[in-house]
Amino acid sequence: MALLSITVSFIVMIVAAAIADGFRSGVSDAISDMAGDIRISRPDAIAKEKTAPFAVGGEVLSLLEDVPGVSRLRPAIYAGAIARKNGNVHGVVFKGIETTDTTVMGAVIPRRLATLMSLNVGDSLPAFFINETVSVRSFTVTGIYDAFSAGDDRMQVLCDIKALRRVNGWEDGQISALEVLLDGDHRDEESVSLARGIISDILYIHSDEDGGPLMASDSYSSYRQIFDWLRLIDANVAFILVLMVIVAGLNMVSGLLILLFENISTIGLLKSMGMTTTDIAKTFLLTSSRLVFKGMLSGNIIGMGLCVLQDATHFLRLNPANYFLSYVPVDLNFLQILLFDAAAYAVIMLILLIPGVFISKVDPAQSVRVK
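Source: prediction; values computed, not measured.

Chemist: Quick question: what am I supposed to make of the overall build of the protein chain here?
Modeler: In terms of regular secondary structure, the protein chain is built from 13 helices and nine strands. Taken over C-alpha atoms, the radius of gyration comes to 30 Å for the protein chain, far larger than the 21 Å a tight globule of 371 residues would show. Judged by the C-alpha coordinates and their principal axes, the protein chain covers about 100 × 50 × 30 Å. Taken over 371 residues, the protein chain has a buried fraction of 42%. Long-range contacts, defined as pairs at least 24 residues apart, comprise 78% of the intrachain contacts of the protein chain with a sequence gap of at least 6. Charged side chains of the protein chain number 29 positive and 38 negative; the gap between the two group centres comes to 10 Å.

Chemist: Even after reading the chapter, I still don't get the packing of helix α8 (residues 264-272) against helix α9 (residues 277-313), so can you show me in this structure?
Modeler: Packed helices, taken two at a time, are described by their axes: the angle between them and the distance between them. For the pair α8 and α9, the least separation of the axes is 10 Å and the interaxial angle reads 140°. With respect to their mutual orientation, α8 and α9 come out oblique. α9 is crossed by α8, and the crossing has right-handed handedness. Every residue of α9 that contacts α8 at I267, L270 and K271 is listed here: T277, I280 and F284.

Chemist: Can you walk me through the nonpolar core in this structure?
Modeler: A general feature of soluble globular proteins is that nonpolar side chains tend to end up buried together. I40, F94, F129, F148, I199 and L352 are the most contacted members of the largest nonpolar core, which totals 88 residues. With 13 residues, the top contributor of residues to this core is helix α7 (residues 224-262). The contact partners of L352, leaving out residues within four places of it in the chain, are G249, M252, V253, L256, L285, S288 and V292. In terms of nonpolar packing, the next biggest core, distinct from the first, is built from five residues, A76, V93, I97 and A177 among them.

Chemist: How should I be thinking about the side chain of K85 in this particular structure?
Modeler: Within the fold, K85 resides in strand β2 (residues 70-85). Look at K85: it is buried, it has no salt bridge, and the nearest opposite charge is D123 at 6.1 Å. In this structure the side chain of K85 is engaged in a polar contact, spanning 3.1 Å, whose partner is the side chain of S124.

What counts, and where the lines are drawn
Within every chain, residues take consecutive numbers counted from 1 along the sequence as written. The predicted origin of the model limits local features to residues at a pLDDT of at least 70 and limits the giving and counting of side-chain atom pairs to 80 or more, whereas totals for whole chains, interfaces and linings rest on all residues. Hydrogen atoms and water are omitted, and side-chain values are computed over all heavy atoms in the structure. Where helices and strands are cited, they refer to DSSP runs of H or I of at least four residues and of E of at least two residues respectively, numbered from the N terminus. For this measure, only C-alpha atoms enter the radius of gyration; the expected value for a globule follows 2.2 Å times N^0.38, where N is the number of residues. Only protein chains enter the accessibility calculation, which uses a 1.4 Å probe; a residue is then buried when its area is under 20% of its type maximum, exposed when over 50%, and partly exposed in between. In this analysis, two residues are considered to be in contact whenever any of their non-hydrogen atoms come within 4.5 Å of each other. Positive charges are assigned to Lys and Arg, negative charges to Asp and Glu, while His and the chain termini are left out of the count. Charged side chains are reduced to one point each, which is NZ for Lys, CZ for Arg, CG for Asp and CD for Glu. The axes are straight lines fitted to the C-alpha atoms, using for helices just the contacting stretch, and the angles between their N-to-C directions are given from 0 to 180°. An angle below 35 degrees is treated as roughly parallel, one above 145 as roughly antiparallel, one from 65 to 115 as roughly perpendicular, and anything else as oblique. Crossing handedness is read from the near helix: turned anticlockwise from the far helix by less than a right angle, it gives a left-handed crossing, and turned clockwise, a right-handed one. What we call a nonpolar core is a set of buried Ala, Val, Leu, Ile, Met, Phe, Trp, Tyr and Cys residues that are connected through their side-chain atoms within 4.5 Å. Here, a salt bridge means any side-chain nitrogen of Lys or Arg that lies within 4 Å of a carboxyl oxygen of Asp or Glu. Polar contact criterion, stated in full: a pair of N or O atoms within 3.5 Å, where within protein one must be able to donate a hydrogen and the other to accept it, and residues adjacent in sequence count only if both atoms are side-chain atoms.

Written as structure tokens, this is what we have:
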């Protein structure tokens, strides 16, 4: 039972830590893909779909590309529209990005919009853009994607940036936003904040005096509630790790006490032959340590096996409206697992020192008579 308890405890610890890391990386990647890690736009922008146009010169682009951690710069144009199809009407946000699609009027729509409006790949999607006048454009659905829910009901339709330039009547090079994407090693809050500070300095020094200044905002500020939710998951995981170590340790204590009770006469005999309490405790601790190691090893194998299976098959699904992702994400950090194992093993062995008090109380004259 002690071995089973340790195995289950280590399985829970590994799976909990992998899921927490998976949510952190999965949500961070989804936000980066959707809106970039840092977004450059006009400071007087009311909303994404009403952002004033601007152009970024080659010198500024070169400086931005040299910022530590920057992997790509993605120009974008946002435009609010009303989509109408099959008697259904819904507000959407068109996002124009640079694509390799030869269909300029092609659109990739979120799955929810496809379901609401009964759209399939190849169907036409009429959209009404309201600027000074109302203009109508017909897009062809070239793809359907699983959208990341950012806590609002706006649905983002992806299209070629040239199509929205025509809709808005903008010149070549004019954009609504310049999205800065960072590599995976620079997506923590401290690195993103540092990169945003450097980018803000660059924009201030090379401000566009004719069109007005530019500002940089980061994903942690724009999606504060989501990242606070991730911190709450981390706090829950920390509680689970501590709880599982305590449970495993106490179960091992009970197992060791049973072992001591069963061998109380042997303990008395060893004491009568001159063996010290410390040496006797070491003997039982060595036996217990082997049991802890076996439970830890089996828990690691099963726990990591479950994580690998989930990563490959996504058999555990989630409601993206509540959890932002459609499946339970896992991310195995082997260095982190080794640290967990070492810390948990050390704590459990420290807890196992408690039964040593029982050994010191054993009286050889009494215990050798116990049968």
